[in-house]
Amino acid sequence: MNEKNTNKNSVISQKDLNKNERLKFNNLGTILIFTGFMITLVCYIYFSSGNAKVNQQIAYTNELQKLTERVEKNSYLAQSANKDAFIELNESAKSIDNILLILKKGGSLDDNTIKIDPIQSEVNKLNNVKSSWESNKALLNTLVTQSNSLFDLKVNIDKANDNNQRIIDSTYNLQKSVAQLGSPRYNMIVQEIILLLNRVLNSNNILFSGENFSLTNGYSLVKDMKAVNQLLMVLMNGSEVYDIAPITNQVVLEHIKSLQLVYYPYSISISKVAENVPTLNSAKELAKIIALESNTISAQTEELKSAFIEELPRLKLRFYASIFGLLVTLTGFIVLLSSLKKIRDNLAKRKHELEKTQANEKAVDELREQVKFLAADDLTKEISNSDKYVKT
């Protein structure tokens with residue numbers, strides 16, 4: 001009976017011991033691990049998310065600057081009736097509108113880009129960019145509305161240029177044949193025709209290449225073309241003003257007619273070109289203003305980008321905080337491992353003490369069994385003592 005009680009007490013003691021040791025897990029190490037883990041998790045999530053969003057904002061400002069430069073370049077090409085330039089202007093304008101909208105209201109351009117939050121701290125800088133862009137976009141729209149006129153202008157100039165070489169060749173043949181007539185007056189008129197044609201051809205060539213082409217030059221161009229026709233008629237019909245008789249030489253007349261034949265469509269095309277000089281000048285002026293506005297937008301965008309870049313060091317504080325949380329977590333593990341080691345040592349020590357107590361109790365019980373005969377006054381039996389049960 002005593003042995004059973006002893007074993008029962010031993011089991012209870014062992015359970016109490018394990019229970020007490022398990023309770024010791026709720027210590028400083030566990031608290032440090034939990035706290036450090038939460039700091040690491042929260043700070044790193046905020047750092048990673050914030051850093052990605054700011055870098056995406058910087059990417060948007062870089063794209064804005066590229067698009068602005070593209071607008072500037074294509075506005076100059078557009079004044080030369082370059083169709084691809086007008087297409088790129090429209091595409092660039094749409095892209096700029098989309099990026100500015102995303103920066104203001106948040107979101108992303110597509111599924112492949114990171115969603116950003118609406119700009120809060122740099123609203124004024126963004127509004128400056130947006131205001132300048134709205135002004136520039138109005139100029140772009142005006143330039144785009146002139147595209148058809150510029151295309152027609154380019155077509156007529158190309159048609160005129162197609163006849164340039166034939167006009168030069170025909171004029172050379174006329175000059176050569178008239179020289180054979182030996183008339184200074186005829187030669188003088190041909191030289192004047194050559195002078196006027198050179199001026200017309202040069203005016204045609206500088207229409208798109210020059211910064212502007214004044215209305216006076218346009219009127220002079222038309223006047224010079226009419227003068228060429230009039231002088232050709234003088235050679236054919238004679239003139240009292242120039243004091244010359246009509247040319248009767250068939251070779252010269254054939255050269256005059258040949259020149260008239262190639263010059264007529266040329267003069268028609270150039271007349272249409274001259275009519276569109278105001279449109280051309282307007283396009284050139286718009287291109288210059290757009291270029292200036294684009295430089296302003298680019299500078300304002302650079303200020304906005306700089307503000308975003310300045311946010312990156314502040315975001316690194318979250319990263320450093322996450323590292324701190326990680327260190328706290330590691331410290332918690334070290335403390336916990338140290339605590340577990342102490343627990344294991346204590347468990348081993350207490351187990352040893354418990355085993356010693358149990359052995360002593362068993363030895364006492366056996367000794368009691370051996371001395372029972374004394375109660376019956378039987379002194380013939382020998383009492384034994386075993387040290388294996390009695391631990392010291």
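### A few points about the overall build of the protein
So, point 1. Helix and strand counts for the protein come out as ten helices and zero strands.
So, point 2. Along its sequence from the N terminus, the protein presents helices and strands in the succession α-α-α-α-α-α-α-α-α-α.
So, point 3. Buried residues in the protein amount to 37% of all 392 residues.
So, point 4. The contacts of the protein with a sequence gap of at least 6 include a subset with a gap of at least 24, amounting to 82%.

### Quick look at unusual backbone geometry
So, point 1. Backbone geometry places aspartate 243, a non-glycine residue, at a positive phi of 60°.
So, point 2. Under the relative-accessibility criterion, aspartate 243 is labelled exposed at 52%.

### Structural notes on the packing of helix 3 (residues 83–105) against helix 4 (residues 123–145)
So, point 1. Helix 4 packs onto helix 3 with a crossing angle of 155° between their chain directions and a minimal axis gap of 11 Å. Comparing their axes, helix 4 and helix 3 come out roughly antiparallel. Between helix 3 and helix 4 lies a crossing of left-handed hand. Taking contact as the criterion, the partners of Phe86, Leu89, Asn90, Ala93, Ile96, Asp97, Leu100, Leu103 and Lys104 in helix 3 are, on helix 4, Leu126, Val129, Lys130, Trp133, Glu134, Lys137, Leu140, Leu143 and Val144.
So, point 2. Per-class residue counts for the contact of helix 3 with helix 4 are twelve nonpolar, one polar and five charged.

### Some words on helix 9 (residues 250–275)
So, point 1. Given a rise of 1.5 Å per residue, 26 residues ought to cover 38 Å, and the 37 Å separating the end C-alpha atoms of helix 9 matches this to within 8%.
So, point 2. Remark: the principal bend of helix 9, roughly 30°, maps to tyrosine 263, with a proline, proline 265, within the next four residues.
So, point 3. Taking the backbone nitrogen of valine 251 as reference, a side-chain oxygen 3.0 Å away marks asparagine 249 as the first, capping residue of helix 9.

### Things to note about a nonpolar patch on the surface
So, point 1. A grouping of Ile323, Leu327 and Leu330 is seen on the molecular surface, where their side chains present a nonpolar patch of about 250 Å² in accessible area.
So, point 2. With respect to the secondary-structure elements, isoleucine 323 resides in helix 10 (residues 277–370).

### So, the nonpolar core
So, point 1. Within the largest apolar cluster, 37 residues are counted, with the highest numbers of intra-cluster contacts made by Ile96, Leu100, Leu103, Trp133, Leu143 and Leu150.
So, point 2. When residues of this core are traced back to their parent elements, those giving at least two are helix 2 (28–78), helix 3, helix 4, helix 5 (147–162) and helix 10.
So, point 3. The residues contacting tryptophan 133, other than those within four sequence positions of it, are Ala93, Ile96, Asp97, Leu100, Leu140 and Ile297.
So, point 4. If you look at the next biggest cluster of nonpolar residues, it comprises 30 residues, including Leu174, Val190, Leu231 and Ile256.

### Concerning helix 4
So, point 1. Across its 23 residues, helix 4 extends 32 Å between first and last C-alpha, which sits within 8% of the 33 Å expected from 1.5 Å per residue.
So, point 2. Among the residues of helix 4, Leu126, Val129, Ser132, Trp133, Asn136, Lys137, Leu139, Leu140 and Leu143 are the ones counted as buried.

### Considerations on the packing of helix 6 (residues 164–179) against helix 9
The packing of two helices is summarised by the inter-axis angle and the distance between the axes.
So, point 1. Relative to each other, helix 6 and helix 9 sit at 160°, their axes nearing to 9 Å. Between helix 6 and helix 9, the crossing angle belongs to the class labelled roughly antiparallel. Every pair of crossing elements has a handedness; the one defined by helix 6 and helix 9 is left-handed. On helix 9, the residues touching Asn164, Arg166, Ile167, Ser170, Thr171, Asn173, Leu174, Ser177 and Val178 of helix 6 are Val251, Val252, His255, Ile256, Ser258, Leu259, Val262, Tyr263 and Tyr266.
So, point 2. Here the contact of helix 6 with helix 9 is built from residues that sort into ten nonpolar, seven polar and one charged.

### So, the packing of aromatic side chains
So, point 1. Counted under the stated rule, the structure contains one aromatic pair.
So, point 2. With centroids separated by 5.4 Å and ring planes inclined at 80°, the aromatic side chains of phenylalanine 86 and phenylalanine 151 adopt a geometry described as edge-to-face. Here phenylalanine 86 is found in helix 3, whereas its partner phenylalanine 151 is found in helix 5, with 65 residues between them in sequence.
So, point 3. Directly above the aromatic system of phenylalanine 151 lies the positively charged group of lysine 83, at a separation of 5.4 Å from the ring centroid.

### A closer look at the pattern of salt bridges
Pairing of side chains with opposite charge becomes possible as their charged atoms draw close.
So, point 1. Tallying each qualifying case throughout the model produces seven salt bridges.
So, point 2. Among the salt bridges present, the one from lysine 137 reaches aspartate 97, with a minimum N-O distance of 3.3 Å. Remark: aspartate 97 occurs in helix 3 and lysine 137 occurs in helix 4; sequence separation between them is 40 residues.
So, point 3. Relative accessible area serves as the criterion here: at 18%, lysine 137 is assigned to the buried category.
So, point 4. As a salt-bridge pair, aspartate 224 and arginine 199 come within 2.9 Å of each other at their nearest N and O atoms. Pair noted here: aspartate 224 is in helix 8 (residues 215–237) and arginine 199 is in helix 7 (residues 184–209), with a separation of 25 residues, a long-range link.
So, point 5. The exposure class of aspartate 224 is buried, given its relative accessible area of 8%.
So, point 6. Relative accessible area serves as the criterion here: at 41%, arginine 199 is assigned to the partly exposed category.

### Re the confidence of the model for the protein
Caution applies to low-pLDDT regions: their predicted coordinates should not be interpreted in detail.
So, point 1. Residues at a pLDDT of 70 or more form 70% of the protein, whose mean pLDDT is 76.
So, point 2. Segment residues 1–12: pLDDT under 50, and seven contacts once partners within four positions in sequence are set aside and those in other chains are kept.

### A closer look at the side chain of serine 294
So, point 1. By secondary structure assignment, the location of serine 294 is in helix 10.
So, point 2. Within the local environment of serine 294, its side chain forms a polar contact with the side chain of asparagine 136, the two groups lying 3.3 Å apart.
So, point 3. A distance of 2.7 Å separates a polar side-chain atom of serine 294 from the backbone oxygen of isoleucine 290.
So, point 4. Discounting chain neighbours no more than four positions away, the residues touching serine 294 are Thr68, Val71, Glu72 and Asn136.

Criteria and cut-off values
- Residues numbered from 1 in each chain as written.
- Predicted model: local features only at pLDDT ≥ 70, side-chain atom pairs only at ≥ 80, totals over all residues.
- Heavy atoms only, no water.
- Helix = DSSP H or I, 4+ residues; strand = E, 2+ residues; numbered from the N terminus.
- Buried < 20%, exposed > 50% of the residue type's maximum accessible area, 1.4 Å probe, protein only.
- Contact = heavy atoms within 4.5 Å.
- Axes fitted to C-alpha atoms, helices over the stretch in contact; angles between N-to-C directions.
- Parallel < 35°, antiparallel > 145°, perpendicular 65-115°, else oblique.
- Left-handed = near helix turned anticlockwise from the far one by under 90°.
- Nonpolar A, V, L, I, M, F, W, Y, C, P; charged D, E, K, R; others polar.
- Expected span 1.5 Å × (residues − 1).
- Bend = angle between axes of the 7 residues up to and from the residue.
- Polar contact = N/O pair within 3.5 Å; in protein donor to acceptor, adjacent residues only side chain to side chain.
- Patch = residues over 30% accessible without salt bridge, like charges linked within 9 Å, V, L, I, M, F, W, Y side chains within 5 Å.
- Areas by Shrake-Rupley, 256 points an atom, 1.4 Å probe, with all protein chains shown as cover.
- Salt bridge = Lys/Arg side-chain N within 4 Å of Asp/Glu carboxyl O.
- Core = buried A, V, L, I, M, F, W, Y, C linked by side-chain atoms within 4.5 Å.
- Phe/Tyr/Trp six-rings, centres within 6.5 Å; stacked < 30°, edge-to-face > 60°.
- Lys NZ or Arg CZ within 6 Å of the ring centre and 35° of its normal.
- pLDDT = per-residue confidence, 0-100.

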